[in-house]
Amino acid sequence: MLVFTVLAAGSLVSAASTEANAEVDSVEGMTPRTAGDATVFADGRNSFSFPAANLLDEERTRFAIGNSFFKRNWVQAPSSTTARDGLGPHFIARSCGGCHVQDGRGKPPEILNRLNTEQPVDLLFRLSIPGVDSKHGVVAEPTYGDQLNNAAVDGVKPEGKIRIDMTPVQGQYPDGTPYVLQKPAYSFTDLAYGPMHKKIMVSPRIAPQVIGLGLLEAIEEKEVLFNAELQAQRPDAIKGMPNRVWDAYAQREMLGRFGWKANVATLAHQTAGAFLGDIGITSSLFPHENCTKAQKDCLRAPNGSEHGEPELSDKLFNEIVFYQATLAPPARRNVNDEVVLKGQKLFDQAQCAVCHRPAYTTGKVPFPALSSKALEGQKIWPYTDLLLHDMGEDLADNRPDFKANGRQWKTPPLWGIGLIPDVNNHKRLLHDGRAEGVEEAILWHGGEAEQSRNSFMSYSAQDRAALIRFVESL
């Protein structure tokens, strides 16, 4: 196994990494308990919607409250439903669950004759112009802000519409088997406030499944930095890099671990940012509506604030963060299946486990008020190094985000990937959902992952199927 082999070169590893070394050394184990004692054994439509199995009873009450406010729609202010009003003025979805359906993964809109037939809800578009902002990582587009919102409340214009053009990309395996990928191109129409900046940079981001986030947050920073240290010593192209970002909750720079470019450090910041950017709900972390100076109708629109307080109270915010932190990854399936076991070996031989690091033991949760001690000290199997990697020109968005450049993406966790079709009735993968399943996602890999893709392509059809079956068992 690759990771184990690298560790054999122990003289290259610093003494400070000894403890982390021991953790990586344990990837040989195979268990259905993806999240240790927090694992839930579930399949079907609700696979991603259960609390960690080891939560206390009182914590399950917090989970239920958070679940309610995560999934129910917010409405336009003023409304008699004062606890849920304040939607917009601009927005993409009316609830967190509008993008993360069943706590699962979003998908691009359906394509007909190579064009999208409806506006995306769970695929958002980050906007920026050249420049650096220490607390935002980027400089927002002056007229439209940091993302395009294609919906608005009554009396306010939606910012614009998204057009998606698909182009088929044909290829062939070394054994002669043909394949066709679909490459998206994005543009904006019906812009309500005039043209965008001439140097606009755009990054599409699909809504990922929200399982196991509290466990990822409890991975000790030294473990992630150790991943980078190990990869830096490799003779090949794989050189993962940590992102460093400003965190509005902690009020300091931290290791980035959430978002497609590891551009967010904490679940609290991620939650508050999504409430404001995607739903138009203010909080203590982001107390001002997301309207630019050019958007006069947005600035005039009523909001759901009472007496100057944020639309989302701190108490409810804490419960919603707690809910997401304690959503459990479901157990692995078919752990002892011979084809799955063969696929695991092929996965390792192709060097996939270098970036998709299998296992960790969690440390302390960073913010006890927003999470559970039940997540601490758990052996988990997320299959990610939480590092940024150059994924090649075909996947590049050419938009930086803090220390991430336009070709880098964070290694996404693979746990739960095989249950996405059960939960969300699709199998769209990668940062913009362009890949129809695991096979296409691998074929899109380039840059640092090009050698792994080439190894996969060199396998026989039977071996390729075994590797895919292993990934889908996670």
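Residues numbered from 1 in each chain as written. Predicted model: local features only at pLDDT ≥ 70, side-chain atom pairs only at ≥ 80, totals over all residues. Heavy atoms only, no water.

Draft legend 1. How the structure looks around the UniProt feature "domain: Cytochrome c" (unreviewed entry) in the protein. Within this structure's numbering, the places UniProt gives as "domain: Cytochrome c" (unreviewed entry) are residues 338-474. A helix fraction of 36% and a strand fraction of 10% characterise residues 338-474, whose end C-alpha atoms lie 15 Å from each other. (UniProt positions renumbered as here; feature names shortened; annotations may be inferred. Helix = DSSP H or I, 4+ residues; strand = E, 2+ residues; numbered from the N terminus.)

Draft legend 2. Expanded view of the pairing of strand β8 (residues 201-206). Of all 6 residues making up β8, 5 are buried, and the element is well covered by its neighbours. The pairing of strand β4 (residues 123-128) with β8 spans 6 bridges and is classified as antiparallel. Each bridged residue has a counterpart across the sheet, and for F125 the counterpart in β8 is P204. (Buried < 20%, exposed > 50% of the residue type's maximum accessible area, 1.4 Å probe, protein only. Pairing = 2+ DSSP bridges.)

Draft legend 3. Main features of the confidence of the model for the protein. Looking at the protein as a whole, the pLDDT averages 92, with 94% of positions reaching at least 70. The model gives residues 1-27 a pLDDT under 50, and that stretch makes 47 contacts with residues more than four places away or in other chains. (pLDDT = per-residue confidence, 0-100. Contact = heavy atoms within 4.5 Å.)

Draft legend 4. Molecular detail of helix α14 (residues 450-458). For α14, the set of buried residues is S452, R453, S455, F456 and M457. Each element contacted by the buried residues of α14 is listed here: β6 (161-172), β7 (178-189), α11 (352-355), α13 (438-444) and α15 (461-472).

Draft legend 5. Unusual backbone geometry, seen in detail. With omega at -5°, the peptide bond leading from A77 into P78 counts as cis. Mapped onto the elements, P78 comes out in the loop between α3 (57-71) and β1 (90-91). One non-glycine residue, R114, lies in positive phi territory at about 70°. Position of R114 among the secondary structure elements: in the loop between β2 (111-112) and β3 (115-116).

Draft legend 6. Fine view of the layout of surface pockets. Volume-wise, the second largest pocket comes out at about 270 Å³. Lining the second largest pocket are 16 residues, with P184, A185, Y186, P204 and A396 sitting closest to its centre. With 6 residues, β7 is the single largest residue contributor to the lining of the second largest pocket. Classifying every residue of the lining of the second largest pocket by side-chain character gives 8 nonpolar, 3 polar and 5 charged. (1 Å grid on protein atoms, 1.4 Å probe; cavity = no way out; pocket = protein on both sides within 12 Å on 5 of 7 lines; lining within 4 Å. Points joined across faces, edges and corners; volume = space filled by probe spheres on them. Nonpolar A, V, L, I, M, F, W, Y, C, P; charged D, E, K, R; others polar.)

Draft legend 7. How the structure looks around the pattern of salt bridges. Per the counting criterion, the structure on display carries 22 salt bridges. A salt bridge links D401 to R205, with the nearest nitrogen and oxygen atoms 3.1 Å apart. Placement of the pair is D401 in the loop between β13 (388-390) and β14 (408-410) and R205 in strand β8, with a sequence separation of 196 residues. Both residues of the pair, D401 and R205, count as buried. Between E376 and K373 there is a salt bridge, with the nearest N and O atoms lying 4.0 Å from each other. Relative accessible area serves as the criterion here: at 56%, K373 is assigned to the exposed category. (Salt bridge = Lys/Arg side-chain N within 4 Å of Asp/Glu carboxyl O.)

Draft legend 8. Representation of the packing of aromatic side chains. Counted by the stated rule, this structure contains 12 aromatic pairs. Relative to F275, the ring of W74 lies with its centre 6.0 Å away and its plane at 80°, an arrangement referred to as edge-to-face. Remark: F275 occurs in helix α7 (residues 267-279) and W74 occurs in the loop between α3 and β1; sequence separation between them is 201 residues. For the pair W74 and F275, a shared accessibility class is recorded, and that class is buried. When the ring centre of W444 is taken as origin, the NZ or CZ atom of R434, which lies over that ring, is 4.6 Å away. (Phe/Tyr/Trp six-rings, centres within 6.5 Å; stacked < 30°, edge-to-face > 60°. Lys NZ or Arg CZ within 6 Å of the ring centre and 35° of its normal.)

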